[in-house]
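Structure assessment
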Amino acid sequence: MGHFTTRRIALAAAALISLAPAAFAQAPIVIKFSHVVAPDTPKGKGAERFKQLAEERTKGRVKVELYPNSQLYKDKEELEALQLGSVQMLAPSLAKFGPLGVKEYEVFDLPFIFKNDAAFRAVTEGPVGADLFKKLEPKGIKGLAYWDNGFHIMSSNKPLHHVADFKGQKMRIQSSKVLDAQMRALGAIPQVMAFSELYQALQSGVVDGTEGVPSNFWTQKIFEVQKNITLSNHGHLAYAVIVNKKFWDGLPADIRATLEGAMKDATTYANAIAATENTTALEKIKASGKTTLYTPTEAEINEWKKALMPVHKDMESRVGKATIDAVYKATGFAAPK
Ligand code: LMR
């Protein structure tokens, strides 16, 4: 081999080595995280915190792409997309698991089942929460965390003070049989609808009213198309952060452990801000002057409870008595007399 050829080989090798870091650097693992609410909500902010921590702590080996506001998928479609692996992470409300066949999750929709956030967390942070996550695994879904978003308020163009006020009102609900039974027990007509369609449906009068949390009423501008809001706190809204199980199990063990840590910290954050975010949203709604906020009297709430408590018993065959009893036990629930 002549001197010239040896030199060319050496130069080519040097060029290859200098290119190596770029050419052979691993492409990041992409996690598409889709959800239906605005970025400026407890769920939206929790998702942003997870992205930040996951990317920082894996030093860029993981990239989290956030898709808020149903921009990729609506309620039901997003679960299908997760099962197919088109997205890797979601945070649907617990009410969304019933239609998937995991009806036990509808226990969270029972009216007045949680007296405060601590009662809800006693369930999700204990054996009931863990058992419910196991029930998702045969569906190809792994549960990572529960995120709290506080209590439901009720709205319509009509004031909703007494149970009789609900008569004939078309009320949007999430696709939960318990929520359906709840609205019927009040004398209303429930209508299942995707979250992304709610504002328009209220504006055009397709439905008369809805239940929801203040952070969503504010960010989706529900208060602009509803004349009356009753601060009933009759139901609870929470989410499960879930992943495609095959994707998750297939991650390198060190990455998975780092992501679990990031999720743990994002969960602490999301749960810590939920109550204040909702209080602030309510204050902004009030300040807008576009709707009337009404705090029901104790007698009115007792009237609602009287109409709604039979839903617990009626839904036993759907949700499962064992699950309802386990939640009662974890929270020290006592049915009002
Ligand atoms: C809904 O459909 O009302 C909720 O799932 C919205 C949310 O906060 O995810």
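The preceding data block contains the structure.
A few points on the structure.

Reading guide: rules and limits
As a convention, each chain's residues are numbered from 1 in the sequence order in which they are written. Local features in this predicted model are restricted to residues whose pLDDT is 70 or higher, and side-chain atom pairs enter the listing and the counts only when it is 80 or higher, whereas totals over whole chains, interfaces and linings include all residues. Hydrogens and water are ignored here; the side-chain numbers use all heavy atoms of the structure. To be near a molecule or strand, a residue needs just one of its heavy atoms within 4 Å of it. Any N or O atom pair separated by 3.5 Å or less is treated as a polar contact, with the protein-specific requirement of one donor-capable and one acceptor-capable atom, and with residues adjacent in sequence counted only for side-chain atom pairs. Per-residue and other accessible areas were derived by the Shrake-Rupley procedure at a 1.4 Å probe size, with only the shown protein chains allowed to occlude residues. In the cavity and pocket records, a cavity denotes points on a 1 Å grid over the protein atoms alone where a 1.4 Å probe fits but cannot get out, a pocket denotes an open set with protein on both sides within 12 Å along at least 5 of 7 lines, and lining residues are residues with an atom within 4 Å of a point. Any molecule with more than half of its atoms within 2 Å of a cavity's or pocket's grid points is regarded as sitting in that cavity or pocket. Gly is placed with the polar residues, together with every amino acid not listed as nonpolar (Ala, Val, Leu, Ile, Met, Phe, Trp, Tyr, Cys and Pro) or charged (Asp, Glu, Lys and Arg). Throughout this description, the term salt bridge denotes a Lys or Arg side-chain nitrogen within 4 Å of a carboxyl oxygen of Asp or Glu. Strands are runs of DSSP state E lasting at least 2 residues, helices are runs of H or I lasting at least 4, and numbering of each runs from the N terminus. In these notes, a set of buried Ala, Val, Leu, Ile, Met, Phe, Trp, Tyr and Cys residues joined through side-chain atoms within 4.5 Å is what counts as a nonpolar core. Think of it in three bands: residues with accessible area under 20% of the maximum for their type are buried, residues over 50% are exposed, and the middle band is partly exposed, with areas taken using a 1.4 Å probe on protein chains only. Here, two residues are considered to be in contact whenever any of their heavy atoms come within 4.5 Å of each other. Two strands qualify as a pair provided that DSSP identifies no fewer than 2 bridges between them. Axis definition: a line fitted to C-alpha atoms, over the contacting stretch in the case of helices. Angles run 0 to 180 degrees between N-to-C directions. We call Phe, Tyr and Trp rings a pair once their centres come within 6.5 Å, taking the six-membered ring for Trp, and we label the pair stacked below 30 degrees between planes, edge-to-face above 60, and tilted otherwise. Lysine NZ or arginine CZ positioned within 6 Å of the ring centre and within 35 degrees of the ring normal marks a charge as sitting over the ring. Angles below 35 degrees are treated as roughly parallel, those above 145 as roughly antiparallel, those between 65 and 115 as roughly perpendicular, and all remaining angles as oblique. Should the near helix be turned counterclockwise from the far one by less than a right angle, the crossing is left-handed, whereas a clockwise turn marks it as right-handed.

**Things to note about the site of the ligand**
All residues adjacent to the ligand are Val-36, Val-37, Lys-43, Asp-75, Ser-93, Lys-96, Arg-172, Gln-174, Phe-195, Asn-216, Leu-237 and Tyr-239. One of the side-chain nitrogen or oxygen atoms of Lys-96 is found 2.7 Å away from an oxygen atom of the ligand. A distance of 2.5 Å separates an oxygen atom of the ligand from a polar atom in the side chain of Tyr-239. Protein chains bury 96% of the 260 Å² of accessible surface belonging to the ligand in isolation. Taking a 2 Å distance to the grid points as the criterion, the majority of the atoms of the ligand fall inside the largest cavity. Of the residues contributing to the shell around the ligand, the split by class is five nonpolar, three polar and four charged.

**With respect to the pattern of salt bridges**
For the coordinates displayed, the defined rule picks out 20 salt bridges. In this structure, Lys-74 engages Glu-197 in a salt bridge whose closest nitrogen and oxygen atoms are separated by 2.6 Å. Taken as a pair, Lys-74 in the loop between β2 (62-67) and α3 (75-84) and Glu-197 in the loop between β7 (189-192) and α7 (198-204) lie far apart in primary sequence, 123 residues in all. A salt bridge links Lys-76 to Glu-80; the nearest nitrogen and oxygen atoms lie 3.4 Å apart.

**Some words on the nonpolar core**
Core analysis: the biggest nonpolar cluster contains 53 residues, and Leu-94, Phe-97, Tyr-105, Phe-108, Phe-114 and Ile-242 have the highest contact counts within it. If sequence neighbours within four positions are ignored, Phe-97 has contacts with Leu-79, Pro-92, Val-102, Tyr-105, Leu-136, Ala-240 and Ile-242. Phe-33, Leu-53, Val-62 and Ala-145 belong to the second largest nonpolar core, which has 25 residues in total.

**Observations regarding the side chain of Ser-155**
You can see Ser-155 is positioned in strand β5 (residues 153-156). In this structure the side chain of Ser-155 is engaged in a polar contact, spanning 2.5 Å, whose partner is the side chain of Gln-226. Excluding its chain neighbours within four sequence positions, the residues that come into contact with Ser-155 are Leu-160, Met-171, Gly-209, Thr-210, Phe-217, Ile-222, Gln-226, Asn-228 and Ile-229.

**Describing the sheet that holds strand β3 (residues 89-90)**
Read from one edge of the open sheet, five strands run β2-β1-β3-β10-β4, paired in mixed fashion. Among the strands making up the open sheet, the edge pair consists of β2 and β4 (141-151). When strand β1 (residues 29-34) meets β3, the two strands line up parallel, connected through two bridges. When the sheet's bridge partners are listed, Phe-33 is paired in β3 with Met-89. This element, helix α2 (residues 42-57), spans β1, β2, β3, β4 and β10 (236-244) of the sheet and lies at about 165° to β2. α3 rests against β1, β3, β4 and β10 of the sheet, and its axis sits at about 25° to β10.

**Looking at the environment of Thr-291**
Structurally, Thr-291 is set in the loop between α10 (253-288) and β11 (292-294). Exposure remark for Thr-291: the relative accessible area of 11% places this residue in the buried category. As for Thr-291 and Tyr-328, which are separated by 37 residues in sequence, their C-alpha atoms are 36 Å apart. Beyond its immediate stretch of four places on either side in the chain, Thr-291 contacts Phe-223, Gln-226, Lys-227, Asn-228, Ile-229 and Ile-285. Within the local environment of Thr-291, its side chain forms a polar contact with the backbone oxygen of Lys-227, the two atoms lying 3.0 Å apart.

**Details of the sheet that holds β11**
As summarised here, the arrangement of the six strands in space is β7-β6-β8-β5-β9-β11, forming an open sheet in which the pairing is mixed. The sheet terminates laterally at β7 and β11, the two strands that pair on one side only. When strand polarity is set aside, the average angle formed by the axes of neighbouring strands in this sheet is 25°. Where β5 lies against strand β8 (residues 209-212), four bridges are found, and the strand directions are antiparallel. Of the residues in β8, the one forming a bridge with Ser-155 is Thr-210. The strands touched by helix α6 (residues 177-185) within the sheet are β5, β6 (170-173), β7 and β8, with β6 carrying the most contacts at an inclination of about 160°.

**Quick notes on the packing of aromatic side chains**
All told, the structure shown has nine aromatic pairs when counted by the stated rule. Taking 6.0 Å as the distance between ring centres and 70° as the angle between the ring planes, the aromatic pair formed by Phe-108 and Phe-120 counts as edge-to-face. Of this pair, Phe-108 sits in the loop between β3 and α4 (117-124) while Phe-120 sits in helix α4; the two residues are 12 residues apart in sequence, bridging distant segments of the chain. Each of the two residues, Phe-108 as well as Phe-120, counts as buried. Positioned over the ring face of Tyr-239 is Lys-43, at 3.8 Å from the centre of the ring. A cation sits over an aromatic face here: Arg-49 above Tyr-269, 3.8 Å from the ring centre.

**Considering the packing of α2 against α10**
Here α2 crosses α10 at 155°, and the two axes come no closer than 8 Å. Taken together, the axis directions place α2 and α10 in an arrangement best described as roughly antiparallel. Seen from above, α2 lies across α10 with right-handed handedness. Looking at side-chain class alone, the contact of α2 with α10 contains 12 nonpolar, four polar and five charged residues.

Shape is all these values report; function is a separate question.
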